[in-house]
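A structural walkthrough
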Amino acid sequence: MTKSMASYAVFGNPVEHSKSPDIHHQFAEQTQQTMRYQKQLVAVDGFEMAAQKFFDQGGSGLNITVPFKLDAYHFAAQLTERATTAGAVNTLIKKDDIIIGDNTDGCGLLRDIRDNLQWPLAQQNILILGAGGAVQGILAPLLAAKPQSITIANRTLKKAQTLVEQFQPLADTVSLSCLDYAALDGQYTLIINGTSASLAGQLPAVNSLIYHQAYCYDMMYSQGATAFLQQANEYGAQATADGLGMLVEQAAESFYQWRKLRPTTESVIASIRDAM
Ligand code: ATR
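Conventions and cut-offs
- Residues numbered from 1 in each chain as written.
- Predicted model: local features only at pLDDT ≥ 70, side-chain atom pairs only at ≥ 80, totals over all residues.
- Heavy atoms only, no water.
- Near = heavy atom within 4 Å.
- Polar contact = N/O pair within 3.5 Å; in protein donor to acceptor, adjacent residues only side chain to side chain.
- Areas by Shrake-Rupley, 256 points an atom, 1.4 Å probe, with all protein chains shown as cover.
- Nonpolar A, V, L, I, M, F, W, Y, C, P; charged D, E, K, R; others polar.
- Domains from an automatic or database assignment.
- Contact = heavy atoms within 4.5 Å.
- Buried area = accessible area lost by both parts, 1.4 Å probe.
- Pairing = 2+ DSSP bridges.
- Helix = DSSP H or I, 4+ residues; strand = E, 2+ residues; numbered from the N terminus.
- Axes fitted to C-alpha atoms, helices over the stretch in contact; angles between N-to-C directions.
- Parallel < 35°, antiparallel > 145°, perpendicular 65-115°, else oblique.
- Left-handed = near helix turned anticlockwise from the far one by under 90°.
- Core = buried A, V, L, I, M, F, W, Y, C linked by side-chain atoms within 4.5 Å.
- Buried < 20%, exposed > 50% of the residue type's maximum accessible area, 1.4 Å probe, protein only.

Side note on the site of the ligand
Looking at the ligand, there are 13 residues lining it, with Asn-154, Arg-155, Thr-156, Lys-159 and Gln-202 nearest. In the model, an oxygen atom of the ligand is placed 2.5 Å from a nitrogen or oxygen of the Thr-156 side chain. Side-chain polar atom of Gln-202 to a nitrogen atom of the ligand: 2.7 Å apart, as the coordinates give it. When isolated, the ligand has an accessible area of 640 Å², and the protein chains bury 72% of it. Of the residues that constitute the shell around the ligand, the class distribution is three nonpolar, eight polar and two charged.

Right under this line is the structure:
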């Protein structure tokens, strides 16, 4: 590794199909940064050793994807507030020889929904499907956007209840609660699918009424519409979007944290979509 060229990478397993190198190469070109960005397949039990080696060899920053976001959380010497709240780290930043853990996922989702799609958030009734790590990462920024209410629904209700308890102190005027899938009706204006069910082409077992005139966002993305978005379109959604914009926006925020330059994302989202 040459000293003059800053080096970044994404660690994951699997990582073969990661779009992060393509996204960051486009950001670097756009902002005229000379930097390297590679993907690295890391053994499931080998995160700490691989990350230590990367930084010992002069690496400047990492993106972390499945299944290492918790390993990265424990690896970081310091955590940003949003990483602490998310309970996971997707970005490591080397600053003055200290490794800082950050989480840019929630910020990425907010930028996509609010700035790119321009969907309303304030005073809206938001339904979130799922209560795993992905949902924990988006709750704080969603609460900060001051919707009227956030309802979390999950197959395992206990996990939704735990999130409600954990995030209640940040809710302020927002009504934060949870429900069984079976109890959902059509009162939501924005529905975010944060389950990993789409990955297997599956859907949470919800009443199709919920989609009517709602804005529907799937945190997952695929070449065609995900199962969730197909369903949403079929049952009269107001508008639909998948998580490709969130992917590019979380990358842009990581890039900003590393390089202190904010790339524009519109052309990058379009080019990644075209390449799919
Ligand atoms: P992630 O980090 O992607 O959030 P996770 O923490 O394992 O992964 O959470 C996966 C989420 O998808 C959970 O909310 C899970 O529901 P359970 O908590 O009941 O397991 C949800 N999920 C996964 N497959 C699902 C399916 N086929 N139907 C409904 N929910 C599903």
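So much for the structure itself; the text now carries on.
With respect to the domain arrangement of the chain
Its domain assignment divides the chain into domain 1 (6-103 + 248-275) and domain 2 (106-242). Centre-to-centre separation of domain 1 and domain 2, based on C-alpha positions: 25 Å. Tallying the contact residues gives 13 residues for domain 1 and 15 residues for domain 2. The three residues of domain 1 that bury the most area against domain 2 are Thr-85, Glu-249 and Arg-273, which together make up 49% of that side's buried surface.

Looking at the sheet that holds strand S8 (residues 149-153)
The strand order across the open sheet formed by six strands is S9-S8-S7-S10-S11-S12, and the pairing between neighbours is parallel. Both edges of this open sheet fall to strand S9 (175-179) and strand S12 (239-241), since each of them pairs with a single strand only. Geometrically, the sheet is characterised by an average inter-axis angle of 15 degrees between neighbouring strands, direction not taken into account. When strand S7 (residues 125-129) meets S8, the two strands line up parallel, connected through five bridges.

Quick look at the packing of helix H1 (residues 20-30) against helix H9 (residues 244-259)
In helix packing, the relevant descriptors are the interaxial angle and the interaxial distance, both defined with respect to the helix axes. Put simply, H1 and H9 touch, their axes get as near as 10 Å, and they point 50 degrees apart. The angle between H1 and H9 places the two elements in the oblique class. Like other packed secondary-structure pairs, H1 and H9 cross with a definite hand, here right-handed. Every residue of H9 that contacts H1 at Ile-23, His-24, Phe-27 and Ala-28 is listed here: Leu-247, Val-248, Ala-251, Ala-252, Ser-254, Phe-255 and Trp-258.

Things to note about the nonpolar core
By size, the foremost hydrophobic cluster in this structure holds 29 residues, and its most contacted members are Leu-109, Leu-142, Ile-150, Ile-152, Ile-192 and Tyr-217. Breaking this core down by element, the ones donating at least two residues are helix H5 (105-116), S7, helix H6 (133-144), S8, helix H7 (157-171), strand S10 (190-193) and strand S11 (215-218). Once residues within four sequence positions are removed from consideration, Ile-152 is found in contact with Ile-128, Gly-130, Ala-131, Leu-139, Ala-160, Leu-163, Val-164, Leu-176, Ser-177, Cys-178 and Leu-179. Within the second largest apolar cluster, 21 residues are counted, among which are Val-15, Phe-27, Tyr-37 and Val-248.

Here we look at unusual backbone geometry
Cis geometry is found at the peptide bond from Asn-13 to Pro-14, where omega equals 5 degrees. With respect to the helices, strands and loops of the structure, Pro-14 is situated in the loop between strand S1 (6-12) and H1. Each neighbour pair has its own omega, and for Val-66 with Pro-67 the value is 5 degrees, a cis peptide bond. Residue position: Pro-67 is located in the loop between strand S3 (61-64) and helix H3 (69-75). Despite not being glycine, Gln-123 has its phi angle at roughly 65 degrees, a positive value. Residue position: Gln-123 is located in the loop between H5 and S7. Gln-123 gets classed as exposed once you look at its relative accessible area, which sits at 53%. Backbone geometry at Lys-146 places phi at a positive 60 degrees, although glycine is not the residue there. In this structure, Lys-146 sits in the loop between H6 and S8. Overall, the relative accessible area of 33% leaves Lys-146 in the partly exposed class.

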